[in-house]
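# Coordinate inspection notes
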Amino acid sequence: MAFPILTGINDPVTSWSWRASTRAYSTDQYFHKEEEDETVIYAFKPSFSKKDWFAPENMSSFGEIKMNRDHFPCMRSFSKDLDATVNEAFLKNLEVLFSTSFSDSVKTVVDSRRSQRIVFTGHSSGGASAILATVWYLETYFKKQSGVFPEPLCLTFGAPLVGDYVFKHALRREDWSRFFMNFVTRFDIVPRIMLAQKASTNQTLPYALSQLNHTVSIQENDQSTAGFYATVMTDVETAAHEASFGNDKIMFSEENSSHLELSPYRSAGTFVFSTGTRLVSMNNSDAILQILFYASQSTNEQELSQRPYQSIRDHRSYQEMLDSVAMESLHHLPLDGVYVLSDFGLTKHAKKCVHAAFEADKKRVDNQSKIDAKLPRIVAKLTWIEKDYKLRCRTLRKGYYDSFKESNEEEDFIANVIRAELAGSFDEVLVLLKKGQLPDGFEGRSVWINLATRYRRLMEPLDIANYHRFSKNEDTGSYMEKGRPNRYKHAQRLYEHDLLIKAGRTAEEIQASSYGSFFWTEYEELRGKQYEYDEERVKKLEELLEGCIRDKEVDDEHIFLEGSSFRKWWHSLPEHHKRYSPLQERMNYIRDS
Amino acid sequence: MEECRFETSELQASFMMSTPLWSNSWILCNAADSAGNIQIQHVAGIMYVALPKVEMNQPGNLVDVEVVGDGLFSALSSSLPSGEPPLMVNGAIRDLFVSSGRLIQSQITQGLEVEETKQVVITGHSTGGALAALTALWLLSQPSPPPFRLLCISFGSPLLGNQSLSSSVTRSRLAHKFCHVVSVHDHVPRGNDDRFWPFGTYLFCSDSGGLCLDNADSVRGMFRILNSTGTPNIEEHQRYGHYVSTLSHQFLISRTFRGGRISDNSYEAGVALAVESLGFSNDQPSGVSVKECIETATTISRAPILRSSELAIELGNVVPYRLEIQWYKDSCEASPKKLGYYDNFKNFSNQRELRVNMSRAKLAKFWDGVFEMVEKNELPFDFHLGKKWVYASQFYQLLAEPLDIAYFYKYTYSRTTGHYMKSGNRPKRYEVIDKWWKARGEPHKEKRARTRYASTTQDTCFWAKLEEAKECLDDLTCESSDAQKQTLLRKKIYEFERYSATLVKMKEVSKDVLATNSSYNVWVKKLSEFKSKMSNGVIDESDAMET
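What comes next is a walk through the structure. Predicted model only: the values in this text are computed from it and were never measured.

Of the regular secondary structure elements, chain A holds 27 helices and 14 strands. Expressed along its principal axes, the backbone C-alpha trace of chain A runs to roughly 90 × 55 × 45 Å. Put simply, chain A has 593 residues, and 60% of those count as buried. Taking all contacts inside chain A whose residues are at least 6 apart in sequence as the whole, residues at least 24 apart take part in 76%. Put simply, chain A shows about 23,600 Å² of open surface, and 49% of that area lies on carbon and sulfur atoms.

Rendered as structure tokens:
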């Protein structure tokens, strides 16, 4: 596994970012900008008032909210069709930024084309702003034309967790995760706070936040801080253990979990933990969660009594970290082995949990290889349908849709078996994706998107034919509403996403795309109806077909064959309609075989 | 052990002890014990109900769970396979429940009115915990499940019931709703009566930590080990408060492994650590027994997950057999013989039928295997809730049961075996599929009228009912003696006539039923001939109604 960004860890940009982050404290704006040579740095001002950590009007247990799909179209899971969740207060802080000159400033930098690198940074909640600002930059600029716009870099120091599992998944799928680097000192409480329930820290949080502020002196042996620390750590433990179960479904724990509200937040990007003598980096969010818990454990009561103080002090010791820890002493996990974790005081037991998180990653990669090994067989089946089956149907002068729907011949039966087998293969992948048992990048790969699109275009008509052959529209409801398998919905989401990113289409254009599935369903529904009642729908269908042919969603060679039921249906329409129909020309022309 | 990357028995315990469920439950139990009555409290969206312990002079005896005529636990009892001894519980606890159950229920109802909640934890210490478990069982075995999620946590409670109760709880998929916290030194929860049997998850705890075991055999195994090692400590029964408070803060201090050498294999290391969490040493024979006990428990709890993923692959492999039958059905409908697939399969034994019969048999074998595993509890507890299995089994039944009926009437049926619908003749798998389908809990939806005939006849026993009606009509035409029997036959014929006409009218039958030469059409023709032969219209509603 590569850590492209980490090759630059000795980069002076790290200490420069920290300096900028401290300067941001005293800005009267919400952000502070520095520029030198080809680098621009935006540092965000942290806030230590509670309302900037938990939005007061937010009713959810962890102050979370779904991201808006219109503004952040990439930040979601395609397999679960779920938008990423983030802390609402942090999202609001980003909105406040937009009321300043921030977005204009970024636009100027981007338009000037002078800068090679654009850095977003911040300490504490300023780091949370940096993370969301980076996501905004990626969605707004970078996504559209990578290569033209400078790569962003997000460096945070003791930032709280911002987003959930989907947030992290989406960043990794888009291969954006590499732009995020979060520095965390061993005991710093802030990256742990969001794992605790809002209600349980409600009383103690304001005081703890005031202690975290650089500009205030810390109280040692403070009861209030100790209480806050214990509350947070209990929930951190629960979250860490829950994550350890992974996909091992244990009924009893599931039942327990269902009685509890657990924090949705997970780490995103790379975390660089400092032990005081060395730095350890990792990007496995489950492993990071284990470290957040186990690195805080003490070996005796004496140490334990020190922890609350240390958890506050460490939030303010990033300058010391940069001064004392040589960047050369950086270790990567899992490459360098879990022994480096001894510096964190991790016991065997704790290392076991961290190790398991990395093993789970290996398992995901394994699963991907297993799926990839099956691809040639999938392709062979698609090819049989595309070449052999379709050709045969063409020689019979009817399309493969009709031939399959009638299913009179042995070949139709074989095609049906293949349909079922392919459905099995794609369903299997979807299940793995939903359970998070494939690498996050799996479905973002062009090879997969292209295969899924090819499969959807070729096979979905057969599923629709099958659906209507058995009148499932009567038992279950219309195909598009009730019967459409998730594997096709998923494939379509991937395809649309690909159009958005690669072809740079706008959301409106994608909305207006024509799909074969829609065409065939609409055709099936209209053919049983009287033209007079559904004139408009028939006309729309004809328009749609043009779009489908253009986008290669419907095979125009098959649909206009003499034996095609679509052709027959069209000819049954009233003369006055046919005369002005856009399909008239195609319908009058009979292709040679 | 393959695929076993992680030891979870200790992790489960740590997880449980880190949650507020653990400490909040105990605090309320304690309050209930001191006050001597039921305590209810709402904390963070969860309603806690604690039942006080009641002193009992002597250990209760096992008695039938059902108080005659009450039927309190009918749902649980009905899940009992024939031949298994009846469900028995501790008589003292049952009496306690009978006298206070209604009160507890009304208290819970009141509590729910105070603050709406979807989660209820019912808890108790000692006998209070056993009463809590019985109350939870009763709530969970009502005909309609309670409108909240229920969890039962007991502390140092005596065993509640016999082996039948334990397996019935597991079979009803309720075991995961019970957590019994037990100190390794406390003798009360173990008892000394072998007829009592544990159920649910046991959280064993010691000063060093805890671990969870969730199958009855492993829990009994652990009881045996504990019985043979420690000396029972009477004080221990009162020390749960100590365990709850120390163990819930234990996590802040890391625990070092005392056993010296530790395995590199993370699973083995996990087990070794788990052994120590109960205060045993890996070098002692008792520690070795604990280790074996944990390993067995892990194997038992993982097996269902592995099996269900294997089954999913097998399900994919048998799909072609179903498609083969589907194709046979379609070709029969299109063939000039104008016979549906049922009649074709029953009347012919050509190459094609032999092939279809193979597919029928393979599918039957597969599904029988699935249900056998379900029966034996070898699959995950929520297996039958997976839509995938419910629908796959339903599709299978719709298509294949008519062929099973055809096969039955072709080879097996005689007057002595009785009809297909007679109990024992219909394969059991279809009864299970029916049950799953009904239990799928889909909200009742408006049924639209069909405009075309269904692709498969919606009542899969249609053909079996027809065969019976056929026999009735034949009997009626041949025999002429017994008037009473004739009335009975007429009634049956009339019933089928009305039933089948409705089905056809609603288009709930598939095309094959209505094929020109189908045995259904033949029967309908025969019936009308018979009717017209009888000058006074024998098959008449009023006539049939007389009986």
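Another point: the sheet that holds strand β8 (residues 201-206) of chain B. Strand-to-strand pairing in sheets goes through backbone hydrogen bonds, with the strands running parallel or antiparallel. Residues and elements named next belong to chain B. Ordered in space as β1-β2-β5-β6-β7-β8-β9, the seven strands form an open sheet in which the pairing is mixed. Pairing within the sheet leaves two strands with one partner each, and these edge strands are β1 (39-43) and β9 (209-213). Averaged over all adjacent pairs, the angle separating strand axes in this sheet is 20°, with direction ignored. Here β8 pairs with β9 via five bridges, running antiparallel. Bridge pairing in β9 links Leu203 to Cys212. Sheet contacts for helix α7 (residues 216-229): β8 and β9; angle to β8, the most-contacted strand, approximately 30°.

What follows covers the interface of chain B and chain A. Residue-level contacts link 58 residues of chain B with 55 residues of chain A. If you sort the residues of chain B by the area they bury against chain A, B:Phe15, B:Phe251 and B:Trp327 come out on top, with a joint share of 14%. The interface formed by chain B and chain A holds one salt bridge in total. One salt bridge connects A:Arg469 with B:Asp330, and the closest N-O pair in it is separated by 2.3 Å. Linking chain B to chain A there are three residue pairs in polar contact (both at pLDDT 80 or more). Broken down by secondary-structure element, the contributors of at least two residues to the side of chain B that touches chain A are α1 (9-18), α2 (20-35), β5 (119-125), β6 (149-155), β7 (178-183), α9 (266-277) and α10 (285-334) of chain B. Broken down by element, the side of chain B that touches chain A gets its largest block of residues, nine residues, from α10(B). Split by residue class, the side of chain B that touches chain A holds 26 nonpolar, 15 polar and 17 charged.

What counts and how
- Residues numbered from 1 in each chain as written.
- Chains lettered and ligands numbered in written order.
- Predicted model: local features only at pLDDT ≥ 70, side-chain atom pairs only at ≥ 80, totals over all residues.
- Heavy atoms only, no water.
- Helix = DSSP H or I, 4+ residues; strand = E, 2+ residues; numbered from the N terminus.
- Buried < 20%, exposed > 50% of the residue type's maximum accessible area, 1.4 Å probe, protein only.
- Contact = heavy atoms within 4.5 Å.
- Areas by Shrake-Rupley, 256 points an atom, 1.4 Å probe, with all protein chains shown as cover.
- Pairing = 2+ DSSP bridges.
- Axes fitted to C-alpha atoms, helices over the stretch in contact; angles between N-to-C directions.
- Buried area = accessible area lost by both parts, 1.4 Å probe.
- Salt bridge = Lys/Arg side-chain N within 4 Å of Asp/Glu carboxyl O.
- Polar contact = N/O pair within 3.5 Å; in protein donor to acceptor, adjacent residues only side chain to side chain.
- Nonpolar A, V, L, I, M, F, W, Y, C, P; charged D, E, K, R; others polar.

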